[in-house]
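One letter stands for each residue in the lines below.
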Amino acid sequence: MAFENVSGGWELRNRYFKGCQGRKDISYLPWARDGPSTVCAVFEGFIDYLSALTLGIISGADAIILNSVVNVNKAMPYLKGYTVINCYLDNDTAGRIALIKLTAMYGSTVIDRSKLYSDFNDLNEYLTNQSFTKNTLSNENK
């Protein structure tokens, strides 16, 4: 799998390899072509973004994929103007530090959604270990 970032680089993933071809950067995915929505969802990696799409929990929201928590500062300018920033970051130290940085900049606009998958490291691990209907998370996400 490959996912383009805003610098024209490609985030590459498969079972055996995780890396980047070209410059490492965030990926920005506006939901609609006619302008940004008022809601943005932030993910550490694109597999978690794809998991959110599978679960149906981010319909209508723009998305920022950090492609590494070290890129959190690169995401800051893209987040200006959103009224809600839903963060689906990993339940580990790096994810919590990224959440703290985002909250320090955007305050109560930032919502920690990692509680939805608190027994797992990330959204993809939650998805791959569950047997449930899409409505389970969709209802909790409201």
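Look above for the structure.
Residues numbered from 1 in each chain as written. Predicted model: local features only at pLDDT ≥ 70, side-chain atom pairs only at ≥ 80, totals over all residues. Heavy atoms only, no water.

Trainee: Please clarify how helix H2 (residues 72–79) should be interpreted in this entry.
Mentor: Residues three or four positions apart in an α-helix share a direction because the helix packs 3.6 residues into each turn. For H2, the full list of buried residues reads Val-72, Ala-75, Met-76 and Leu-79. Along the axis of H2, the buried positions cluster into a sector of 125°, meaning they face one direction only. Away from its buried face by more than 90 degrees, H2 exposes Asn-73 and Pro-77. Downstream of H2 by one or two residues, Gly-81 has phi in the positive range, about 95°. (Buried < 20%, exposed > 50% of the residue type's maximum accessible area, 1.4 Å probe, protein only. Helix = DSSP H or I, 4+ residues; strand = E, 2+ residues; numbered from the N terminus. Arc of directions from axis to C-beta.)

Trainee: How do you make sense of the packing of aromatic side chains when you look at a structure like this?
Mentor: Centre distance and the angle of the planes are the two values used to describe a pair of aromatic rings. On inspection of all chains with the given rule, the structure shows four aromatic pairs. Pairing Phe-43 with Tyr-49 gives two aromatic rings, centres 5.7 Å apart and planes at 75°, and the pair type is edge-to-face. Of the two residues, Phe-43 and Tyr-49, both sit in the buried class. Ring pairing ties together the aromatic residues Phe-43, Tyr-49 and Tyr-88, which thus form one cluster. (Phe/Tyr/Trp six-rings, centres within 6.5 Å; stacked < 30°, edge-to-face > 60°.)

Trainee: What is the right way to look at unusual backbone geometry in this model?
Mentor: Peptide bonds are, in most cases, trans, and in most cases residues other than glycine have a negative phi. Even without a glycine there, the phi angle at Asn-67 is positive, about 60°. Inspection of the secondary structure assignment puts Asn-67 in the loop between strand E6 (62–65) and H2.

Trainee: Teacher, can you tell me more about the environment of Phe-46 here?
Mentor: Within the secondary structure, Phe-46 sits in helix H1 (residues 46–55). Note on Phe-46: relative accessible area 2%, which makes it buried. Separated by 19 residues in the primary sequence, Phe-46 and Ile-65 have C-alpha atoms spaced 6.1 Å apart. Every residue in contact with Phe-46, bar those within four places of it in the chain, is listed here: Met-1, Phe-3, Glu-11, Arg-13, Ile-65 and Asn-67. (Contact = heavy atoms within 4.5 Å.)

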